[in-house]
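Overview (structure and organization)
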Amino acid sequence: MRHLAAYDHELRTDAEVVHALDVATHGPLRLAAFPGGRGFVSYADLGGVDQGGIEALVDAALAHFGRRSEIDSIEWKTRGHDRAPGLGGTLESRGFVPEETESVMIGEAELLAQPVSLPAGVELRRARTETEVFAMEEMQGRVFGDPRWRVRVETTLQRIREDDTVELWTAVAGDEVISAGRLEPVTGTRFAGLWGGATLPEWRGRGVYRALTAQRARSALALGKVYLHSDSTEFSRPILERAGLVRVTTTTPYVWTRSTD
């Protein structure tokens, strides 16, 4: 419960919209517009409203973003432990589509920053150059089956240029990137996020990703962070559990996309 309370207090509302272009409020909601025409709905809780109140909040968010023609999609990120009667059904009835449910994982950085042996010939490197970021994104694109991975290269480079606390870590065997993940400290909180974790299939189960997690934990501690957090699929959850993170709740994004008709 201590980790969940810290998550609710520090990682929702302001922390989720810190990089937004602008943020409006409606009752408990923060309605954020991000680059690329993306709207995002954040809140710490929904104030104990009943289903009618839930419907009114969803309609208000849709009306707000609907007036902004540059917004092409809206993400409403639900959490499994929230009191939100009828929220999922209300979102779907308004055209939101649920994406995969993920586990919210949290662990103490000090406990995760343990030595982990790497296979012979493998070393950890921080990716900084365009060539290194390109190789990292290409590997992740293969693992995730994402043909649009090239689009992320410039976005990732721009992010690390603007914020030097964001760290990209790779595991390299010879000249090949075999695993990767990034560390994103959350401004004004005790948290840093673990994101983008991927490992080539032939290198899984050999401690490579656990070593990357431990390295990012050490970096988080050096930045003064106490906790690490991640939203994990059922594929990556066991890996993070073995590294020492625990599941505190679940999250299911619901996404509305503007019709082009």
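Above this note sits the structure.
In this text, all values refer to a predicted model and were calculated from it rather than measured experimentally. (Residues numbered from 1 in each chain as written. Predicted model: local features only at pLDDT ≥ 70, side-chain atom pairs only at ≥ 80, totals over all residues. Heavy atoms only, no water.)

Turning to the overall build of the protein chain, a few remarks are in order. Secondary structure summary: the protein chain contains eight helices and twelve strands in total. Taking 18 Å as the expected radius of gyration for a compact globule of 261 residues, we find that the protein chain reaches 19 Å, a close match to that expectation. Viewed in the frame of its principal axes, the protein chain has a C-alpha envelope of about 60 × 45 × 30 Å. Scored against the burial criterion, the 261 residues of the protein chain give a buried share of 48%. Counting only contacts in the protein chain whose residues sit at least 6 apart along the sequence, the fraction spanning at least 24 positions is 72%. (Helix = DSSP H or I, 4+ residues; strand = E, 2+ residues; numbered from the N terminus. Rg over C-alpha atoms; globule rule 2.2 N^0.38 Å. Buried < 20%, exposed > 50% of the residue type's maximum accessible area, 1.4 Å probe, protein only. Contact = heavy atoms within 4.5 Å.)

Okay, the pattern of salt bridges next. Tallied over the entire structure, the rule returns 22 salt bridges. Residues Asp8 and Arg12 are paired through a salt bridge, measuring 2.9 Å at the closest nitrogen-oxygen approach. Classification of Asp8 as partly exposed rests on a relative accessible area of 21%. When its relative accessible area of 1% is taken as the criterion, Arg12 is described as buried. The partner of Arg68 in a salt bridge is Asp22, and the shortest N-O contact between them spans 2.7 Å. Placement of Arg68 in the loop between α2 (51-66) and β4 (73-79) and of Asp22 in strand β1 (residues 22-26) is noted, with a sequence separation of 46 residues between them. (Salt bridge = Lys/Arg side-chain N within 4 Å of Asp/Glu carboxyl O.)

Following the sequence through the fold, Glu55 ends up in helix α2. The exposure class of Glu55 is partly exposed, given its relative accessible area of 27%. Sequence separation of Glu55 and Leu87 is 32 residues, and the distance between their C-alpha atoms is 7.6 Å.

Attention shifts here to α2. Between its first and last C-alpha, α2 extends 22 Å over 16 residues, near the 22 Å set by a 1.5 Å rise per residue. Three or more residues of α2 are buried, namely Gly53, Ile54, Leu57, Val58, Ala60, Ala61, Leu62, His64 and Phe65. As for α2, its buried residues are in contact with β1, β2 (29-34), β3 (38-42), β4, α3 (87-93) and β12 (246-257). Where α2 begins, one side-chain oxygen reaches toward the backbone nitrogen of Gly52, 3.2 Å away; that side chain belongs to Asp50. (Expected span 1.5 Å × (residues − 1). Polar contact = N/O pair within 3.5 Å; in protein donor to acceptor, adjacent residues only side chain to side chain.)

Inspection of every chain in the model, using the stated rule, returns four aromatic pairs. An angle of 75° between the planes, with centres 4.9 Å apart, marks the rings of Phe134 and Trp149 as edge-to-face. Pair noted here: Phe134 is in helix α5 (residues 130-144) and Trp149 is in helix α6 (residues 149-162), with a separation of 15 residues, a long-range link. On the accessibility criterion, Phe134 (40% relative accessible area) is partly exposed. Overall, the relative accessible area of 9% leaves Trp149 in the buried class. (Phe/Tyr/Trp six-rings, centres within 6.5 Å; stacked < 30°, edge-to-face > 60°.)

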